[in-house]
Amino acid sequence: MILGVALETAGGPGPPPMLVAADEGGPVWPVSRAAARTAARVCVALDLTGAPVAPVAAIRVGGRCPEALRPVADPGVATIVRGGHSVTGRRLAPLDTEAVRRFAAECGLLDFAVTATGSPVLPEHELEVAAIIAAEVPGARITLSYEFGHPGLREREAETIRNAALSAEVDRIADDVARELPGVPAYFARSGGGVVSAHYFRRFPLACDLGATASRARGRAELGPDVPDGVAAAYGALLGEPAAQVERIVQARGRAELDRMLQDARDEALTRVVSAGAAPGSARIAETTVNPLSYLPDGLYRVRVTAGGQLWSG
């Protein structure tokens, strides 16, 4: 038996979770809590819209900017420190490590969002900042913007801050699922379809921001339009397989160099989908897109690689 769980609201009172099982190919509901604990795995669908958010310490690595364009962490605090790279990977300034260290030590927060200019091409300064934070703040949860891949600084920064703000809440949700269903491997529905492991969910909650919405659409397609929302979302979640995506901005001088960078992105996507819960032997590249970036120096491309795989059996 495989269990699907629909959590329609996050972080507040709401209806009890809808439990749906797939047994020999067909949906079964309602499912008792006792029976649920015998499931081979559980797939959880929830939307994080409106979920409680934690205050975030946001660090932008870059140059000065007008007040209206400064990073916004609400709730939380934000700062800009010197450093960063251009879109071609040229270092704009040395990283101000002392400013990073001072902010991390004095902000009093555990959730950090780090965004550096040029990091989709070269994440060096974001990785340095993360190492400093980890040394100064034991137990810190750190989100780095280069892992989201968007070329626009402010779009990437906003997603990084939101991901960090959700970290505490998704830790609570994942802990609750583990406590209610001890020993049952847990997966969480992605916004774009598929599922990810609890470990991946804790690290990249933004990937599951609209998991219930995506799962509900798939469940209705399988079960018909008159099925209750909770049943459709729970059933849609348990139909998902692990999926992960990598986005990068790369600079390549010629086809051979671009091919090497594409292979690096594919390798990373395969690693990510295993982290998301795919059995290693089943991991595969589902889609690769390469688009030249307009109005920027020649040889810059936006690369997006999607990987999929099969869940561990058992």
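Attention here is on the structure that accompanies the text. Please read these numbers as outputs of a predicted model, since none were measured by experiment.

Parameters and conventions
Residues numbered from 1 in each chain as written. Predicted model: local features only at pLDDT ≥ 70, side-chain atom pairs only at ≥ 80, totals over all residues. Heavy atoms only, no water. Helix = DSSP H or I, 4+ residues; strand = E, 2+ residues; numbered from the N terminus. Buried < 20%, exposed > 50% of the residue type's maximum accessible area, 1.4 Å probe, protein only. Contact = heavy atoms within 4.5 Å. Areas by Shrake-Rupley, 256 points an atom, 1.4 Å probe, with all protein chains shown as cover. Lys, Arg positive; Asp, Glu negative; His and termini not counted. Charge placed at Lys NZ, Arg CZ, Asp CG, Glu CD. Phe/Tyr/Trp six-rings, centres within 6.5 Å; stacked < 30°, edge-to-face > 60°. Axes fitted to C-alpha atoms, helices over the stretch in contact; angles between N-to-C directions. Parallel < 35°, antiparallel > 145°, perpendicular 65-115°, else oblique. Left-handed = near helix turned anticlockwise from the far one by under 90°. Nonpolar A, V, L, I, M, F, W, Y, C, P; charged D, E, K, R; others polar. Expected span 1.5 Å × (residues − 1). Bend = angle between axes of the 7 residues up to and from the residue. Core = buried A, V, L, I, M, F, W, Y, C linked by side-chain atoms within 4.5 Å. Pairing = 2+ DSSP bridges. Polar contact = N/O pair within 3.5 Å; in protein donor to acceptor, adjacent residues only side chain to side chain.

### A closer look at the overall build of the protein chain
Inference 1: Helices and strands together make up the secondary structure of the protein chain, namely eight helices and 13 strands.
Inference 2: C-alpha atoms of the protein chain, sized along the principal axes, occupy 60 × 50 × 30 Å.
Inference 3: Split into buried and exposed, the 314 residues of the protein chain put 49% on the buried side.
Inference 4: Taking the contacts inside the protein chain whose residues are at least 6 apart along the sequence as the reference set, 65% of them involve residues at least 24 apart.
Inference 5: In the form shown here, the protein chain has an accessible surface area of approximately 14,300 Å², with 53% of it arising from carbon and sulfur atoms.
Inference 6: One way to put it: in the protein chain the 32 positive side-chain charges average out to a point 3 Å from where the 36 negative ones average out.

### Looking at the packing of aromatic side chains
Inference 1: This structure, assessed with the given rule, holds three aromatic pairs.
Inference 2: With a centroid separation of 6.4 Å and an interplanar angle of 90°, the aromatic rings of Phe-148 and Phe-204 are classed as edge-to-face. Separated by 56 residues along the polypeptide, Phe-148 in the loop between strand 8 (141–144) and helix 4 (153–180) and Phe-204 in the loop between helix 5 (198–203) and helix 6 (211–223) bring together distant segments of the chain. When sorted by exposure, Phe-148 lands in the same class as Phe-204, which is buried.
Inference 3: On the basis of an interplanar angle of 5° and a centroid distance of 4.0 Å, the ring pair of Phe-188 and Phe-201 is categorised as stacked. Highlighted residues: Phe-188 in strand 9 (residues 186–189) and Phe-201 in helix 5, separated in sequence by 13 residues.

### Looking at the packing of helix 2 (residues 97–106) against helix 3 (residues 124–136)
The relative placement of two packed helices comes down to the angle between their axes together with the axis-to-axis distance.
Inference 1: Direction vectors running N to C along helix 2 and helix 3 enclose 40°, while the axes themselves pass 9 Å from each other. In terms of orientation, helix 2 lies oblique with respect to helix 3. You can see that helix 2 and helix 3 cross each other, and the crossing is right-handed. Here helix 2 contributes Thr-97, Val-100, Arg-101, Ala-104 and Ala-105 to the contact with helix 3, which in turn contributes Glu-128, Val-129, Ile-132, Ile-133 and Glu-136.
Inference 2: Among the residues forming the contact of helix 2 with helix 3, the class breakdown is six nonpolar, one polar and three charged.

### Here's the deal with the environment of Ser-167
Inference 1: Within the fold, Ser-167 resides in helix 4.
Inference 2: The class for Ser-167 is buried, based on a relative accessible area of 5%.
Inference 3: The residues contacting Ser-167, other than those within four sequence positions of it, are Asp-111, Arg-141 and Pro-205.

### Some remarks on helix 4
Inference 1: Relative to the 40 Å expected for 28 residues at 1.5 Å per residue, helix 4 spans 40 Å between its end C-alpha atoms, a close match to the ideal helical length.
Inference 2: Of all the bends in helix 4, the greatest measures close to 40° and is centred on Ser-167.

### Digging into the nonpolar core
Inference 1: Among the nonpolar cores identified, the biggest contains 41 residues, and Leu-3, Val-42, Val-44, Leu-46, Phe-188 and Phe-201 are the most heavily contacted of them.
Inference 2: Residue contacts for Leu-3: discarding those within four places in its chain leaves Leu-19, Val-20, Ala-21, Val-31, Ala-36, Ala-39, Arg-41, Val-42, Cys-43, Leu-181 and Leu-238.

### Side note on the sheet that holds strand 12 (residues 284–292)
Inference 1: If you walk across this open sheet you meet the three strands as 11-13-12, and the pairing is antiparallel. Looking at the sheet topology across the chains shown, the edges are occupied by strand 11 (243–251) and strand 12. Within the sheet, the average angular offset between the axes of one strand and its neighbour, ignoring direction, is 15°.
Inference 2: Pairing geometry for strand 11 and strand 13 (residues 300–308), over nine bridges, is antiparallel. The residue of strand 13 that forms the bridge with Val-246 is Val-305.
Inference 3: On the sheet, helix 8 (residues 255–275) packs against strand 11, strand 12 and strand 13 and is oriented at approximately 155° with respect to strand 11.

### Let's talk about the side chain of Arg-248
Inference 1: The residue Arg-248 is located in strand 11 in this model.
Inference 2: Note on Arg-248: relative accessible area 11%, which makes it buried.
Inference 3: Of note is the side chain of Arg-248, whose polar atom sits 3.1 Å from the backbone oxygen of Tyr-146.
Inference 4: Discounting residues that sit within four places of it in the chain, Arg-248 has contacts with Pro-120, Tyr-146, Glu-147, Glu-268, Arg-272, Tyr-301, Arg-302 and Val-303.

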